[in-house]
Structures are given as C-alpha cells and as structure tokens.
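# Examining the three-dimensional arrangement
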Amino acid sequence: RREEEERWRMEMRRYEEDMYWRRMEEEQHHWDDRRRVPDGGYPHGPPGPPGLLGVRPGMPPQPQGPAPLRRPDSSDDRYVMTKHATIYPTEEELQAVQKIVSLTERALKLVSDSMADQDKSKNKESDDKKDPTKERALKGVLRVGVLAKGLLLRGDRNVSLVLLCAEKPTRALLSRIAENLPKQLAVISPEKFEVICSLQEAAIVLNSCAEPKMQVTITLTSPVMREEN
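Fair warning: this is a prediction, and the values are worked out from it, not measured in the lab. Just so you know, the residues in each chain are numbered from 1, in the order the chain's sequence is written. In keeping with the model being predicted, local features are shown solely for residues with a pLDDT of at least 70 and side-chain atom pairs are shown and tallied solely at 80 or more, while totals for entire chains, interfaces and linings include all residues. For side-chain calculations, the full set of non-hydrogen atoms in the structure is used, while hydrogens and water are omitted.

Moving on, we come to the side chain of Gln184. Structurally, the position occupied by Gln184 is in helix α5 (residues 171–188). Think of it in three bands: residues with accessible area under 20% of the maximum for their type are buried, residues over 50% are exposed, and the middle band is partly exposed, with areas taken using a 1.4 Å probe on protein chains only. When its relative accessible area of 13% is taken as the criterion, Gln184 is described as buried. Reaching out from Gln184, the side chain makes a polar contact with the side chain of Asn180 at a distance of 3.1 Å. Note on contacts: a residue pair is in contact if any heavy atoms of the two residues lie within 4.5 Å. Contacts of Gln184, omitting those with residues within four sequence positions, involve Ala107, Leu110, Val111 and Ser114. Runs of E in the DSSP output that reach at least two residues are strands. Runs of H or I that reach at least four are helices, and both are numbered from the N terminus. In the analysis that follows, any N or O atom pair within 3.5 Å is treated as a polar contact, provided that within protein one partner can donate a hydrogen and the other can accept it, and provided that, for residues neighboring in sequence, both atoms belong to side chains.

Encoded structure:
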C-alpha cells in the first residue's frame, strides 16, 4: 500500500509539473505574439507582414499561421480525465438540477409578486398612509454552495438557494411562503413537487417526484441580519 501511495504521489507530481510547463509554454507563446513589436514601432503591430519585425534577440521567429497542434495526451492525462469522468455528474443529473432550480426561481418570483399585491391591497384598505409604495417583502433569490460554484459531483441530489427578504425573517413569513409556493409551481409546471416547511431547519424543502429525484433547500435571510462593524 505504501508503494502504491508513493507511486501515486510520483505520478501526480509528474502530472503537475507537466501541466505547469505546458501552461508556461502557452503563456510564453501568447505574450511573444502580443509583444512582437520593435522599439518605437506601431502599438498594434507594423503594417507589413507580421512576424518579420520585432523578434526578441536570441528568440527564434515564431511561425505564422495556425497555432501549433496540442501534443497527444499522456497516460497521466488520460488517467486524470478518467477519474474526472467518474465523479462528474451525468447529463441526466445536470438537466434535472437545472430544471428544478429554474422552476424554483421562477416560482419564488411569482410568490414575491403575489405577496406584494396582497400587501398593497391591505395598505389600500387600511387608513395607514405612511408609505403607500411599500417595498417588496421578498427581494431576490441567490444560488449558493456547490451549485453556485459549479462543483456538483455525481450523486449530489440536494442544492441550496437563499431567499433575500426586506425584513428579518420570521416563522410567519416562512409559513406564508411555504403555503404560496405550491400554487405558483402548479402555474408554471404540470409536474408534481413536494413542499415541506421545516421550522426546525428554518427552511423550505422542495422535492421533485419525477426521477431523478432532486431536492432544493430554500433558506431565508436579510441584509438587516448583517453584522455591523
């Protein structure tokens, strides 16, 4: 086992060194192409044929035309790509995640519109005229965690969203959103979803009923919760 671990470390070290020098060569070619201008010459290259002027002393002239072909992948490259393929989500999983996240974001937008209309009508019925244009209770939704970073792995079925509120989140607001969310989901999609209001987790959990089953955890926060310096 120690021999296998040592061999693995040696292979990874060779792979990292190979990738490092490959990047160095690519960057060198890139900057050589951009800096191939003589002193006092034109900022965007001489008007004549490119590559005939401005070659660095001691540097061979760069060949013109298409970029050099990438050398064939080594065994280390193929090994790493094989490992990557085993942990990268399948196309079916990626489409399922994209679908449920998109539907959830659209449904939350409709929930925000519905709550804003309800609050506006209540303000009209009451005699309170402090602020007739009261701001929305729900300001927006953000993707967080591995979903925002694009680091989903194969088998990950739970993603997270954060719902921004104008005021400090409360149990009443959480329950109100959880009651309204299934109605708005039914408006934009014929598929069935299970919506659970978890007060213990202070979140709303949305589960898809179709395979592959995905789960979206929606938590509430607000800018007023930000710690002051």
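It is worth spelling out the sheet that holds strand β4 (residues 203–208) at this point. Whether two strands pair depends on DSSP finding at least two bridges between them. Spatial strand order, β1-β2-β5-β4-β3: five strands in an open sheet with mixed pairing. Two strands close off the open sheet at either side, each with one partner strand: β1 (138–144) and β3 (193–198). Each neighbouring strand pair of the sheet contributes to a mean axis angle of 20 degrees, computed without reference to strand direction. For β3 and β4, the ladder comprises six bridges, and the chain directions are antiparallel. Across the sheet, residue Ile196 finds its bridge partner in β4, namely Val205. Inter-axis angles, ranging from 0 to 180 degrees, are taken between N-to-C directions of lines fitted to C-alpha atoms, where helices are fitted over the stretch in contact. Those strands touched by α5 are β1, β2 (158–165), β3, β4 and β5 (215–221), and its axis lies near 175 degrees from that of β3.

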